[in-house]
Amino acid sequence: MINLGIVSTGWISDSFAEACVRTGMYRIAAVCSRQVEQAETFGKKYGATLFFNDIHTLAACDGVDAVYVASPNALHYGHCMAALGAGKHVIVEKPAFSNIGEAREAFTLAREKGVLLLEAIRSLHEANHGAVKAAVAKIGPLCGANLSFMKRSPRYDLVLAGEAPAIFTLEYSGGALMDLGVYLIYDAVDWFGMPQSAAYYCHKAHTGADTGGVVLLRYADYNVVLNVSKICNSYMVNEIRSRDHFILLDAAHNMRSVRLLHNSGGEEELAQPPKDNWMDDEALCFARLIGGNGDGDSNGRYGDRDVDGGGQYEALERLSLDVHTLMTELRLGAGIIFPADEVHA
């Protein structure tokens, strides 16, 4: 049983805690929030008995084996380093870090301490993400792909009113690319590999953070176009094209339909029904990894990304570093500079 400490008490922490409890492999042991009373209110419904308002105190607690970090983006690095430094496994919400410099330092510390650092990008662990990856490997040379994640944030009304909510600020490492684009970048890198070149053409709010735009990933023989926005909704078709086939997705996240169509006629539905809680699969994968089951995912979903014969965790680590390398390149190329960039290049 993994004794889990949770940092932050927002809705995402609630969803993850529920998923962890359902696996039967975690015990919610501790909660940390800015107000101890808030930590207690959140934690008692899961049976937690330890409550803190300081990450270092939580990290030093002997009754905690692993820490789930779901604080604002810009705080992830400090919270992760505190927990890793105390020898705790860490699961950190996407995007795990503000830039590749932070990511490299955190993964290095995890290795030094002999613990695991896992980025909670839930879509990566869903069966339908794996179904797409398997199909991509079978349909022959690719011709291109279009993926989209465009969802209007209710906080954008505050931006229009002249305010600066955290998710739309540079100070908190916010913006559309960090919040929604990270899902598409993970999809692209896991399905197609790292591109030869990349660029982000975006629009920005008065806060300096990006509200949305288009990412162009260039591969040797095809391009991948990613559309991202936090100021409007879209039901754009998501597709992956080869010479003889194409894969149609109802979404590039929370996938309910994955259709493989053949130019010669006919089609196959590859999707499995999603689970009620989209976080169940990642919670189970993380529990297996932390518990010492090196395969993590029984489907071997990331096997072709293993490094030097390494296992599941090494593959996930390499994927996270690749994604943060690309995210940092795209963001800096678009002139989006975070305060964190002045400290960690």
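These numbers come from a predicted model, not from an experiment.

Here we take up the packing of aromatic side chains. Think of a pair of aromatic rings as described by two things: how far the centres are apart, and how the planes are tilted against each other in angle. Tallied over the entire structure, the rule returns eight aromatic pairs. Centre to centre, the rings of F42 and Y46 are 5.6 Å apart; their planes meet at 50 degrees, and the pair counts as tilted. In this structure, F42 and Y46 share a single accessibility class: buried. The interplanar angle of 10 degrees and the centroid separation of 4.9 Å between the aromatic rings of Y219 and Y222 together place this pair among those described as stacked. Each member of the pair, Y219 as well as Y222, carries the same accessibility label: buried. By the ring-pair criterion, three or more aromatic residues cluster together here, those being W191, F192, Y219 and Y222.

What follows deals with the packing of helix α4 (residues 76-85) against helix α5 (residues 100-113). As a packed pair, α4 and α5 sit with axes 9 Å apart at the nearest point and diverge in direction by 10 degrees. Here α4 lies roughly parallel to α5, going by the angle between them. Residue-level inspection shows Y77, M81, L84 and G85 of α4 in contact with α5, the latter providing E102, E105, A106, L109, A110 and K113.

Where burial is concerned, most of strand β2 (residues 26-32) is hidden: six out of the seven residues are buried. Here strand β1 (residues 2-7) runs beside β2; their pairing, made up of six bridges, is parallel. Bridge pairing in β2 links V7 to C32. Remark: the β1/helix α1 (residues 11-23)/β2 crossover connection has right-handed handedness.

Moving on to the environment of H253. Structurally, H253 can be placed in the loop between β12 (245-249) and β13 (258-262). For H253, a relative accessible area of 15% translates into the label buried. Once the C-alpha coordinates of H253 and A209 are considered, the two residues, 44 residues apart in sequence, prove to be 23 Å apart. Leaving out residues up to four positions away in the same chain, H253 has contacts with S148 and F149.

What follows deals with the confidence of the model for the chain. Confidence in the prediction of the chain, expressed as mean pLDDT, is 92, and 94% of residues score 70 or more. Confidence over residues 294-310 falls short of pLDDT 50; this stretch has 36 contacts with residues more than four positions distant or in other chains.

This next bit is on the environment of V69. Along the polypeptide, V69 turns up in strand β4 (residues 66-69). The buried category is assigned to V69, whose relative accessible area is 0%. It is 14 Å that separates the C-alpha atoms of V69 and A103, two residues lying 34 residues apart in sequence.

So, on to the nonpolar core. Ranked by size, the top nonpolar core spans 109 residues in total, and within it L117 and F192 carry the most contacts. If you tally residues by element for this core, the top one is helix α8 (residues 176-192), at 13 residues. If we ignore the near neighbours within four places in the chain, the residues touching F192 are V136, L142, A145, D187, Y219, Y222, V224 and I240. Membership of the second largest hydrophobic core comes to five residues, among which are Y156, V159, F168 and A205.

Our next topic: the sheet that holds β4. With parallel pairing, six strands are arranged side by side in an open sheet as β3-β2-β1-β4-β5-β6. In this open sheet, the two strands that pair with only one neighbour each are β3 (50-52) and β6 (117-120). Averaged over all pairs of adjacent strands, the angle between their axes in this sheet comes to 25 degrees, without regard to strand direction. Where α4 meets the sheet, it contacts β1, β4, β5 (89-93) and β6, and its direction lies at approximately 165 degrees from that of β5.

Let us now look at unusual backbone geometry. Cis geometry is found at the peptide bond from K94 to P95, where omega equals -20 degrees. Phi is positive for S8, which is not a glycine, with a value near 100 degrees. Here S8 lies in the loop between β1 and α1. In this structure, N254 takes a positive phi of about 50 degrees despite not being glycine.

Considering all chains together, one arrives at twelve salt bridges under this definition. The shortest N-O distance in the salt bridge between E317 and R111 comes to 2.3 Å. Pair noted here: E317 is in helix α10 (residues 312-333) and R111 is in helix α5, with a separation of 206 residues, a long-range link. Classification of E317 as buried rests on a relative accessible area of 9%. One salt bridge in this structure joins R122 and E126, with 3.4 Å as the shortest N-O distance. Taking the relative accessible area as the measure of exposure, R122 reaches 14% and is therefore buried. For E126, a relative accessible area of 6% translates into the label buried.

Reading the values: rules and limits
- Residues numbered from 1 in each chain as written.
- Predicted model: local features only at pLDDT ≥ 70, side-chain atom pairs only at ≥ 80, totals over all residues.
- Heavy atoms only, no water.
- Phe/Tyr/Trp six-rings, centres within 6.5 Å; stacked < 30°, edge-to-face > 60°.
- Buried < 20%, exposed > 50% of the residue type's maximum accessible area, 1.4 Å probe, protein only.
- Axes fitted to C-alpha atoms, helices over the stretch in contact; angles between N-to-C directions.
- Helix = DSSP H or I, 4+ residues; strand = E, 2+ residues; numbered from the N terminus.
- Parallel < 35°, antiparallel > 145°, perpendicular 65-115°, else oblique.
- Contact = heavy atoms within 4.5 Å.
- Pairing = 2+ DSSP bridges.
- Right-handed = clockwise from strand over helix to strand, strands pointing away.
- pLDDT = per-residue confidence, 0-100.
- Core = buried A, V, L, I, M, F, W, Y, C linked by side-chain atoms within 4.5 Å.
- Salt bridge = Lys/Arg side-chain N within 4 Å of Asp/Glu carboxyl O.

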